[in-house]
Amino acid sequence: MSLIQCIGLHYTAGTKPIFTGLDFTLAAGEKVGLCGHNGCGKSSLLRLIAGQAQPDEGQVQRRRGLRLARVEQFLPEALADATVLDAVVAAAPEGEAHRAPSLLAQLRFRPEEHGFAVGRLSGGQQNRLMLARALAGDPELVLFDEPSNHLDIATLHVLQRFLRDELRCAFVLVSHDRALLDAVTTRTLILRDGRGHAFDLPFSQAREALAVVDVAAAAARRAEEREIEALRKSAKRLATWGKVYDNEAFAKRAKSMEKRIERLEGERTFVSAGSGLKLELAAAQTRAQRALRVAGVEVLAADGVTRLFGIDELVLRPGERVALLGVNGVGKSNFIRALVAHQRARTAAGAPSL
């Protein structure tokens, strides 16, 4: 049974075309990964599916009475002083508030955390809370936009297990996390070049299948270009003979070939231009032996008073790749903010570069 049918979607953001003739069908219970480079239209497609935006052309057909939920990207500011339990109850339809405690338990909230103020939660806890709010209405389809952001490894494991083993309804998951997509999805829609490429495969296998399609398309395009070039030469030669020998038959054959060339050019196999995004960091050419050095820095909690930990000395060298790990709430984001503030203070003071 189809929950969603997207038929011939054309969508433009400002003056930029996002989709051209996009088709997509979602059946009950399907677990779909929605992938593509930044700016390809993943969030736009979620908005169209949810009815929060309208296509320029085409239509989105939803099954009558479909219960659809979209997981918030940010908790409403009005909930900052509400408790975790009250935030879920507020999102539940009438008569469904009793499900709130069990939903929180499913998402690994301890009973003592139900009374925590929403504004005091860590980023990972807020993500789990937003998921609980989305599930409060017992949806048949859930739309996720980067749900793994701000999650520590332990919480990411909780999310992965929940999506794979416990969430029974259909969902569409936007993510750049290859491991998460491979673990929880069985179907993949890759947006590229304003088109959709659907595969009944998890992400990594879908990427491999798309690469095979790209190789075949490139080979077909080369063969077509060779045929067009050969016809163009023949048409030119016949047109010349027609003029030189005043032969109408040659001239007609040349015009017929030109029409065939025009048709073939319009039917050439599409070859992807790729994402168009490229980032190059010439770290090897950096002369400094240190990219950053901090010493004696205190990392404080969001209240600006509570001490989380101190940095005796930290040195980062050009080209190093550092993983910053820790459970939610331990102070990873505050640590980054402290580093940025420290470096800005040095720059403002006119300190020499490292």
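Refer to the structure presented above.
Keep in mind that what you see is a predicted model, and the values were worked out from it rather than measured.

A.B. asks: Just checking my understanding: could you explain unusual backbone geometry for this structure?
C.D. replies: Trans is the prevailing form of peptide bonds, just as negative phi is the prevailing case for residues other than glycine. The backbone of Glu-146 sits at a positive phi, close to 55 degrees, despite the residue not being glycine. Turning to its location among the elements, Glu-146 is positioned in the loop between β6 (141-145) and α5 (153-166). A relative accessible area of 16% places Glu-146 in the buried class. Within the chain, Asp-193 stands out as a residue other than glycine whose phi angle is a positive 60 degrees. One can find Asp-193 in the loop between β8 (187-192) and β9 (195-199).

A.B. asks: What exactly am I supposed to notice about the pairing of β9 here?
C.D. replies: On a regular strand, each side chain points to the face opposite its neighbour's, so the side chains alternate between the two faces of the sheet. Examined bridge by bridge, β8 and β9 share 5 bridges and lie antiparallel to one another. Bridging from a neighbouring strand, Ile-190 pairs with His-197 of β9.

A.B. asks: Honestly, the pairing of strand β3 (residues 31-35) in this entry has me stumped. Any pointers?
C.D. replies: Where burial is concerned, most of β3 is hidden: 5 out of the 5 residues are buried. By the alternation rule, side chains of β3 split into Lys-31, Gly-33 and Cys-35 and Val-32 and Leu-34, which are all buried. Taken together, the 4 bridges between β3 and strand β7 (residues 170-174) define a ladder with parallel strand orientation. Residue pairing in the sheet places Lys-31 in a bridge with Phe-171 of β7. Relative to β8, β3 runs parallel, the two being bridged by 4 bridges. Bridge pairing in β8 links Leu-34 to Leu-189.

A.B. asks: I'm lost on the side chain of Asp-145 in this one. Help?
C.D. replies: Topologically, Asp-145 is positioned in strand β6. Among the polar contacts made by the side chain of Asp-145, one reaches the side chain of Ser-43 at a distance of 2.7 Å. Setting aside residues up to four positions removed in sequence, Asp-145 forms contacts with Ser-43, Leu-46, Arg-70, Gln-73 and Val-174.

A.B. asks: Please explain the sheet that holds strand β2 (residues 16-27) as it appears in this structure.
C.D. replies: The strands that make up a sheet pair up through hydrogen bonds in the backbone, lying either parallel or antiparallel. Strands sit in the order β2-β1-β4 across an open sheet of 3 strands; the sheet is antiparallel. Of all strands in the sheet, those bounded by a partner on one side alone are β2 and β4 (57-62). Sheet twist, expressed as the mean angle between neighbouring strand axes with direction ignored, is 15 degrees. The strands touched by helix α1 (residues 42-50) within the sheet are β1 (2-13), β2 and β4, with β1 carrying the most contacts at an inclination of about 125 degrees.

A.B. asks: Is there a simple way to explain a nonpolar patch on the surface in this structure?
C.D. replies: Together, Trp-241, Val-244 and Tyr-245 make up a nonpolar patch on the protein surface, roughly 350 Å² of accessible area in all. With respect to the helices and strands, the residue Val-244 is situated in helix α7 (residues 203-244).

A.B. asks: Looking at this structure, how should I read the side chain of Lys-42?
C.D. replies: Residue position: Lys-42 is located in helix α1. In this structure Lys-42 is buried but unpaired, with Glu-146 as the nearest side chain of opposite charge at 5.8 Å. Each residue touching Lys-42, except ones within four places of it in the same chain, is listed here: Leu-34, Cys-35, Gly-36, His-37, Val-174, His-176 and Leu-191.

A.B. asks: So what exactly am I meant to see when it comes to the sheet that holds β6 here?
C.D. replies: Strand order in this open sheet of 6 strands is β5-β6-β7-β3-β8-β9, and the pairing throughout is mixed. Every interior strand has two partners, whereas the edge strands, β5 (68-70) and β9, have only one. Strand after strand, the sheet turns through a mean of 15 degrees between neighbouring axes, direction not considered. Pairing of β5 with β6 involves 3 bridges; the strand directions are parallel. By the bridge assignment, Ala-69 is partnered in β6 with Val-142.

A.B. asks: Sorry if this is basic, but what is going on with the environment of Gly-304 here?
C.D. replies: Structurally, the position occupied by Gly-304 is in the loop between β10 (292-300) and β11 (307-316). Owing to a relative accessible area of 43%, Gly-304 belongs among the partly exposed residues under this scheme. Between the C-alpha atom of Gly-304 and that of Val-212, which follows or precedes it by 92 residues, the distance is 54 Å.

A.B. asks: Help me out: how do you make sense of α5 in this one?
C.D. replies: Helical geometry note: an α-helix holds 3.6 residues per turn, so side chains three or four residues apart project in the same direction. For α5, built from 14 residues, the straight-helix expectation of 20 Å at 1.5 Å per residue is met to within 8% by its first-to-last C-alpha distance of 19 Å. Among all positions of α5, only Thr-155, Val-158, Leu-159, Gln-160, Phe-162 and Leu-163 are buried. Packed against the buried residues of α5 are β3, α3 (100-106), α4 (123-135), β6, β7 and α6 (178-184).

The rules we used
- Residues numbered from 1 in each chain as written.
- Predicted model: local features only at pLDDT ≥ 70, side-chain atom pairs only at ≥ 80, totals over all residues.
- Heavy atoms only, no water.
- Helix = DSSP H or I, 4+ residues; strand = E, 2+ residues; numbered from the N terminus.
- Buried < 20%, exposed > 50% of the residue type's maximum accessible area, 1.4 Å probe, protein only.
- Pairing = 2+ DSSP bridges.
- Polar contact = N/O pair within 3.5 Å; in protein donor to acceptor, adjacent residues only side chain to side chain.
- Contact = heavy atoms within 4.5 Å.
- Axes fitted to C-alpha atoms, helices over the stretch in contact; angles between N-to-C directions.
- Patch = residues over 30% accessible without salt bridge, like charges linked within 9 Å, V, L, I, M, F, W, Y side chains within 5 Å.
- Areas by Shrake-Rupley, 256 points an atom, 1.4 Å probe, with all protein chains shown as cover.
- Salt bridge = Lys/Arg side-chain N within 4 Å of Asp/Glu carboxyl O.
- Lys, Arg positive; Asp, Glu negative; His and termini not counted.
- Expected span 1.5 Å × (residues − 1).

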